[in-house]
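The lines below spell out each chain.
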Amino acid sequence: MSYTDLGKAMGLSTSAVHQRVRRLEERGVITGYTARVDHTQLGTPLTAFISVAPFDPAAPDDIPDRLRSLPEIEACYSVAGDMNYILKVRVAAPTDLEELLASVRAAANVSTRTTVVLSTPWE
């Protein structure tokens, strides 16, 4: 949205909006800007969440480092509960998800529990 459009929506002048946005950036409130991507167009329409827990709870907690190189993993969240991390992944097909699960288990020596996303009403 342009500063002019944002100003109209907020009832502010364009310069006031620009100044406020700049201050939010300087304070670190706004940390960056992103593009919205159509994953179907990219060939990765299947989204899943993979919960992971180490087989050996006494092992060093280096799961995020071990999985960082897998390009299908979009995000890694540290969570409370039965599992240690939840991974948000995007792949082309169920067979690709199956291969990714094998890669995750081998790379990080973890057990997994997977939830496949059927649709995303909003994000």
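See above for the structure.
So, how was this worked out
Residues take numbers from 1 onward in each chain, read along the sequence in its written order. Only residues with pLDDT of 70 or above have their local features reported here, since the model is predicted, and side-chain atom pairs are shown and tallied only from 80 upward, although totals for entire chains, interfaces and linings are computed over all residues. Derived side-chain values reflect all non-hydrogen atoms in the structure, with water molecules and hydrogen atoms excluded from consideration. Numbering goes from the N terminus for both helices and strands, where a helix is a DSSP run of H or I of at least four residues and a strand is a run of E of at least two. Expected span of a helix: the number of residues minus one, times 1.5 Å. In protein, a polar contact means a hydrogen-donor-capable atom and an acceptor-capable atom, both N or O and within 3.5 Å, with residues adjacent in sequence counting only if both atoms are side-chain atoms; elsewhere, any N or O pair within 3.5 Å suffices. The contact criterion used is simple: two residues touch if any of their non-hydrogen atoms lie within 4.5 Å. Whenever a carboxyl oxygen of Asp or Glu lies within 4 Å of a side-chain nitrogen of Lys or Arg, that contact is scored as a salt bridge. Three exposure classes are used, based on accessible area relative to the maximum for each residue type with a 1.4 Å probe and protein chains only: buried under 20%, partly exposed in between, and exposed over 50%. Note on pairing: two strands pair once DSSP finds at least 2 bridges between them. For every element, the axis is a line fit to its C-alpha atoms; helices are fit only across the contacting stretch, and the angle between N-to-C directions ranges from 0 to 180 degrees.

(A) How the structure looks around helix H5 (residues 94-108). Here H5 is 15 residues long and its end C-alpha atoms lie 21 Å apart, about the 21 Å a rise of 1.5 Å per residue gives. Asn109 lies just past H5 and shows a positive phi near 55 degrees.

(B) Structural detail: the side chain of Arg90. Here Arg90 is to be found in strand E3 (residues 85-91). Separated by 3.1 Å, the side chains of Arg90 and His39 make a polar contact. Of note is the side chain of Arg90, whose polar atom sits 2.5 Å from the side chain of Glu74. Once residues lying within four places of it in the same chain are set aside, the contact partners of Arg90 are His39, Thr44, Leu46, Thr47, Glu72, Glu74 and Glu123.

(C) Up close: the environment of Phe55. Tracing the chain through its elements places Phe55 in the loop between strand E1 (46-54) and helix H4 (63-67). Residues Phe55 and Thr120, 65 residues apart in the sequence, show an inter-C-alpha distance of 32 Å. Once residues lying within four places of it in the same chain are set aside, the contact partners of Phe55 are Asn109, Val110 and Ser111.

(D) Representation of the pattern of salt bridges. Following the criterion strictly, the structure yields six salt bridges and no others. We note a salt bridge from Glu26 to Arg22, for which the minimum N-O separation is 3.2 Å. Of this pair, Glu26 and Arg22 both sit in helix H2 (residues 14-26), four residues apart, roughly one helical turn. Here Arg66 and Asp62 are joined by a salt bridge, their closest N and O atoms 3.0 Å apart. On the basis of relative accessible area, Asp62 is assigned to the partly exposed category, the value being 25%. Residues joined in a network through salt bridges with shared partners are Glu74, Lys88, Arg90 and Glu123.

(E) Up close: the pairing of strand E2 (residues 73-78). Pairing analysis gives five bridges linking E2 to E3, with the strands arranged antiparallel. Bridge pairing in E3 links Ser78 to Tyr85. Here E2 folds back onto E3, and the loop between the two strands holds six residues, one of which, Gly81, carries a positive phi near 120 degrees.

(F) Quick peek at the sheet that holds E2. The antiparallel open sheet is built from four strands, whose spatial order is E2-E3-E1-E4. Bordering the open sheet on either side are E2 and strand E4 (110-116), each of which pairs with just one other strand. On average, each strand axis in the sheet is inclined to that of its neighbour by 20 degrees, with strand direction left out of account. As paired elements, E1 and E3 share seven bridges and run antiparallel to each other. When the sheet's bridge partners are listed, Ser51 is paired in E3 with Ile86. Strands E1, E2, E3 and E4 of the sheet are contacted by H5, whose axis makes an angle of about 155 degrees with E4.

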